[in-house]
Amino acid sequence: MTEATTTYREAMREAIREAMRHDERVFLMGEDVGAYGGCFAVSLGLLEEFGPERIRDTPLSEAAFVGAGIGAAMGGMRPIVEIMTVNFSLLALDQILNNAATLLHMSGGQLNVPLVIRMTTGAGRQLAAQHSHSLEGWYAHIPGLKILAPATLEDARGMLWPALQDPDPVLIFEHGSLYNVSGVLRPGPVDIVRAAQRRSGEHVTLIGYGGTVAKVLSAADELAAEDIEADVIDLRVLRPLDDATLMESVSRTHRVVIVDEGWRSGSLSAEIGTRIVEQAFYELDAPIARVCTAEVPIPYARHLEEAAIPQVPAIVTAARGVLAS
């Protein structure tokens, strides 16, 4: 019997469908999520199943509909707010930072905001400088938020429900290059607390998340052909970071390469590297290496875009470099 395959997009759709069937308080709102089926077709068919009360098309005003989602969450609902791409989330940054992330503190613990915000992130699709941002590291800077970056079918399928159960706001960053990725989905419980070890190795730790995980695994395959076994860590949860899993890996391999599609300056990779130095400095046998996006607006031309963002050869070269140190 052939195992059924699915895509990342379909896995996310099934996660939304299951949550809405399980809890009548759950609803989806955002631009074109209804009749159009979502800009990336994640919500295709949900309007017909659940109706316009629970699949709500919104005006083109991120500040307005994210604010409405915050209000609905405070009122006892469990909204899933879809922001088309991460660059548009900047139009709602005041709502996310000054309201969603701070209301629990500002109310003296009286007001939770159980809100889930989903958005597409990342480059590699020729969407040029205004639609190719990787800003999840910015949001991981903000106390009061939980930041998720599902890289696998299982995480796309399994992270939404625990996010909806969280009493505080959760942001889910879905890399745009992953929507068409297909494979066999092996369902099971998924937590939104710990990083995941995707491959075991003893020579070098390769750390990635979201759209970089597949590249990191490909780099690990190339390194294995040279008898270099990489320990591959998928962060999955960007805030709060799972320090324990990272330090355990570093204590075994003693060498680290961090792959981050964000820009190097002030990046999530810088935070991870600093934590490793603070907590596991004497475990390191070589300087930490980072493979990040070039510090330029993302180019439109495909060859320039590919040159700007992390690729497998650069990861392999970085790993060889720390092993040679």
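Scroll up for the structure.
Calculation criteria
- Residues numbered from 1 in each chain as written.
- Predicted model: local features only at pLDDT ≥ 70, side-chain atom pairs only at ≥ 80, totals over all residues.
- Heavy atoms only, no water.
- Pairing = 2+ DSSP bridges.
- Helix = DSSP H or I, 4+ residues; strand = E, 2+ residues; numbered from the N terminus.
- Axes fitted to C-alpha atoms, helices over the stretch in contact; angles between N-to-C directions.
- Contact = heavy atoms within 4.5 Å.
- Buried < 20%, exposed > 50% of the residue type's maximum accessible area, 1.4 Å probe, protein only.
- Polar contact = N/O pair within 3.5 Å; in protein donor to acceptor, adjacent residues only side chain to side chain.
- Phe/Tyr/Trp six-rings, centres within 6.5 Å; stacked < 30°, edge-to-face > 60°.

Got a sec to walk through the sheet that holds strand 13 (residues 256-263)? Specific residues and values, please.
The strand order 9-11-10-13-14 describes an open sheet built from five strands, whose pairing is mixed. Looking at the sheet topology across the chains shown, the edges are occupied by strand 9 (196-199) and strand 14 (289-293). Taken over all neighbouring pairs, the strand axes of this sheet differ in orientation by 25° on average, direction set aside. Inspection of the sheet shows strand 13 paired to strand 14 by five bridges, in the parallel sense. Pairing of Trp263 across the sheet is with Thr293, part of strand 14. Against the sheet, helix 10 (residues 213-224) contacts strand 9, strand 10 (204-208), strand 11 (230-234) and strand 13, and its axis sits at roughly 40° relative to strand 9.

Before we move on, can you summarise the side chain of Ser269 with the specific residues and values?
Residue placement: Ser269 occurs in helix 12 (residues 268-280). Of the residues examined, Ser269 reaches a relative accessible area of 0% and is grouped as buried. Only 3.2 Å separates the side chain of Ser269 from the side chain of Arg290, close enough to count as a polar contact. Ignoring any residue separated from it by four or fewer positions in sequence, one finds Ser269 in contact with Ile258, Asp260, Arg290 and Cys292.

Can you tell me about the pairing of strand 5 (residues 116-121), naming the residues and giving the values?
Of all the six residues making up strand 5, six are buried; the element is thus mostly covered by neighbouring parts of the structure. Judged by which residues are buried, strand 5 turns out to be covered on both faces: Val116, Arg118 and Thr120 on one side and Ile117, Met119 and Thr121 on the other are all buried. In this structure, strand 4 (residues 78-85) lies alongside strand 5, joined through five bridges in parallel fashion. From the neighbouring strand, Glu82 faces strand 5, where its bridge partner is Arg118.

I'd like to hear about the packing of aromatic side chains, residue by residue, with values.
Applying the stated rule across the entire model yields four aromatic pairs. With centroids separated by 5.2 Å and ring planes inclined at 20°, the aromatic side chains of Phe40 and Tyr179 adopt a geometry described as stacked. Remark: Tyr179 occurs in the loop between strand 7 (170-175) and strand 8 (182-183) and Phe40 occurs in the loop between strand 2 (26-30) and helix 2 (46-50); sequence separation between them is 139 residues. In this pair, the class of Phe40 matches that of Tyr179, namely buried. Pairing Tyr139 with Phe173 gives two aromatic rings, centres 5.8 Å apart and planes at 40°, and the pair type is tilted. Taken together, the positions of Tyr139 in helix 7 (residues 136-139) and Phe173 in strand 7 put the pair 34 residues apart, joining distant regions of the chain. Classification of Tyr139 as buried rests on a relative accessible area of 1%. Aromatic ring contacts, followed pair by pair, group Tyr8, Phe40 and Tyr179 into a single cluster.

Function cannot be inferred from these measures alone, as they are strictly geometric.
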